[in-house]
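Secondary and tertiary structure notes
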Amino acid sequence: MTTATNFCYDQSKAEHARRKAVIAGGVNSNVRLSGAPVPLTIARGDGALLWDIDDNTYIDYAAGMGPMILGHNHPAVTSAVQQSLSTGQLFAGQNVLEAEFAEILVGALPWIESVRIGLSGTEMDLLAIRIARAATGRQKVVRFTGHYHGWLDPLFVNMAVIPEPSEPAPLTPGQSVSAASDMVLCEWNDITQVAQALESGDVACVLMEPVMCNTGLISPSDGYLEGVKELCRQHGALFIVDEVITGFRLGLTGAQGLLGINGDISIYAKAIASGFPLAVLGTTTELLAAVGRGEVNHSGTYNTGVSSVAAGIATVRTLIDTDPYPEMDRLTRRLADGLRQLGHDHDLELAVDHIGGSLCQTRFGNSAAMTSRADFAANSDGPRLAAFLQGLQDHGVRPTSRGLWFVSAAHDDALIDKTLDAAGRALGEL
Ligand SMILES: Cc1ncc(COP(=O)(O)O)c(C=O)c1O
């Protein structure tokens, strides 16, 4: 194994060059384009550790961008998937695991009576909007700058562009301008803007991350979610809660359980299936009835592939049976406190946002709790964060490329100690 002081990336560089010749940018998700000296090629993961093809070892806090809540290669998941492989995968029909999985979800999440299962968070967000439009007969969607709901045309709009364009605009060339124009954008945590947006009429739904995770880790202000829910009621719009990151992460019942408020439609993905393609829309039987009658379309060749559902059942069952949340919370708190202390020791403005649960955000700026995306942007020194993250990687620690850290059930105190040791060295080199 290569030691933390002499990380070499030669094999990753060669493999990236090979990929680049035949894969655009050498990656298959634009989120992975960043990465220095190259986007890494990972050979394997086990528990909370990753090994790249140069045999560098990393304590993994990227967690596949959230899904690996049980760690890599968890025996319960691996064994369930292995068993499922011998049955075949896709039957153009139902399989016996679907009802079991849905029953577990309906039992665990009190605000859900019925579900539809698909492959990705993006798709389920789009289905939620479709259900809301069909139920209300309206077109517009209120959503929030800085929140991410996937990469498709109607959703990839003005995510975190500063200064803000005056109209909802596609973020990248080639997207439909008319799809973007169905969005009504508000600043999150500003209830007046939501009220104005709903008053402007034709709003089918309000779509949000219940805790903002995608451009900074920011809690909803006191009473904000309740206020949004009430405004939705008053105006006959549906409240869609996108728990793609927070679901099964901020606790078994996600942000809605933690914050004691639920929306009309909930979306889950990532931590629900340990890295297998599986996402869930959950809501009332009544709201899903039009889908069930075939009036509102939801389709997909690969939906409920046997191995994905097996992974979903094994993951959620393990989370229910082992309740890793208090321990993950404690370790994340230790990590956050330790990083803050190291920032202080090195006389650096290293802020660590942790709102409870197994994720935290590092940034360089004012340590006060952030309340808005603009606040976060003004208090996050991007180049310095990038340098810190690079130093962490070179010392064997791998958070996400935007400074969000996911702690898993496979992390332990010894790994947190090692992480803090590496972070101290990385900070010392800034
Ligand atoms: C809150 C949120 N919603 C939706 C998505 C899109 O999910 P997927 O990448 O599974 O399509 C993401 C992805 O990061 C997300 O963070």
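Here the structure is a predicted model, which means the values were calculated and not measured. (Residues numbered from 1 in each chain as written. Predicted model: local features only at pLDDT ≥ 70, side-chain atom pairs only at ≥ 80, totals over all residues. Heavy atoms only, no water.)

1. Brief notes about the packing of aromatic side chains
One pass over the full model with this rule turns up seven aromatic pairs. Measuring from ring centre to ring centre gives 5.7 Å for Phe364 and Phe388, while their planes differ by 90°; the resulting arrangement is edge-to-face. A residue pair is termed long-range when its members are at least 10 positions apart, and Phe364 in strand β12 (residues 359-364) and Phe388 in helix α13 (residues 382-394) qualify at 24 residues. Across the pair, Phe388 and Phe364 agree in class, each one buried. Grouped by ring-pair contacts, the aromatic residues Phe7, Tyr9 and Tyr58 constitute a single cluster. Taking NZ or CZ as reference, Arg44 lies 3.9 Å from the ring centre of Trp51, over its face. (Phe/Tyr/Trp six-rings, centres within 6.5 Å; stacked < 30°, edge-to-face > 60°. Helix = DSSP H or I, 4+ residues; strand = E, 2+ residues; numbered from the N terminus. Buried < 20%, exposed > 50% of the residue type's maximum accessible area, 1.4 Å probe, protein only. Lys NZ or Arg CZ within 6 Å of the ring centre and 35° of its normal.)

2. Overview of the nonpolar core
Ranked by internal contacts, the top residues of the largest apolar core, which has 32 residues, are Phe101, Phe248, Tyr268, Ile272 and Val280. Put simply, the parts of the chain that give this core at least two residues each are α2 (75-85), α3 (97-108), β4 (114-118), α10 (306-322) and α11 (325-345). At eight residues, the largest contribution of residues to this core is made by α10. For Phe101, the residues in contact, after removing those within four places along its chain, are Ile117, Ile272, Leu278, Val280, Val309, Gly312, Ile313 and Val316. (Core = buried A, V, L, I, M, F, W, Y, C linked by side-chain atoms within 4.5 Å. Contact = heavy atoms within 4.5 Å.)

3. Remarks on the packing of α2 against α10
What describes two packed helices is the angle between their axes and the distance between those same axes. Interaxial distance between α2 and α10 falls to 8 Å at its minimum, and their mutual angle equals 155°. By the angle between their directions, the pair α2 and α10 is classed as roughly antiparallel. As for how α2 packs across α10, the hand of that crossing is right-handed. Here α2 contributes Ala76, Val77, Ala80, Val81, Ser84 and Leu85 to the contact with α10, which in turn contributes Val306, Ser307, Ala310, Ala311, Ala314, Thr315 and Thr318. Its residues placed into classes, the contact of α2 with α10 shows nine nonpolar, four polar and no charged. (Axes fitted to C-alpha atoms, helices over the stretch in contact; angles between N-to-C directions. Parallel < 35°, antiparallel > 145°, perpendicular 65-115°, else oblique. Left-handed = near helix turned anticlockwise from the far one by under 90°. Nonpolar A, V, L, I, M, F, W, Y, C, P; charged D, E, K, R; others polar.)

4. What about helix α7 (residues 224-235)?
When the terminal C-alpha atoms of α7 are compared, their 16 Å separation across 12 residues agrees well with the 16 Å that a helix rising 1.5 Å per residue should span. For α7, the complete set of buried residues consists of Tyr224, Leu225, Val228, Leu231 and Cys232. Viewed along the axis of α7, the buried residues span an arc of 125°, placing them on a single side of the element. For α7, the elements touching its buried residues are β5 (140-144), α6 (191-199), β7 (203-208), β8 (238-242) and α8 (254-259). Gly236 sits one or two positions beyond α7 and adopts a positive phi of about 70°. (Expected span 1.5 Å × (residues − 1). Arc of directions from axis to C-beta.)

5. Focus on the domain arrangement of the protein
The figure often quoted for interface size is the accessible area lost as the parts come together. What the domain assignment reports for the protein is domain 1 (4-69 + 324-428) and domain 2 (75-322). The distance between the C-alpha centroids of domain 1 and domain 2 comes to 26 Å. Across the boundary between the two partners, domain 1 contributes 27 residues, which contact 32 residues of domain 2. Our count for the domain 1 to domain 2 interface comes out at one salt bridge. Residues Glu187 and Arg373 are paired through a salt bridge, measuring 2.5 Å at the closest nitrogen-oxygen approach. Where domain 1 touches domain 2, the interface holds nine residue pairs in polar contact (both at pLDDT 80 or more). Residue assignment for the side of domain 1 that touches domain 2 shows that the elements contributing at least two residues are β12, α12 (373-378) and β14 (404-406). Here the side of domain 1 that touches domain 2 is built from residues that sort into 16 nonpolar, eight polar and three charged. (Domains from an automatic or database assignment. Salt bridge = Lys/Arg side-chain N within 4 Å of Asp/Glu carboxyl O. Polar contact = N/O pair within 3.5 Å; in protein donor to acceptor, adjacent residues only side chain to side chain.)

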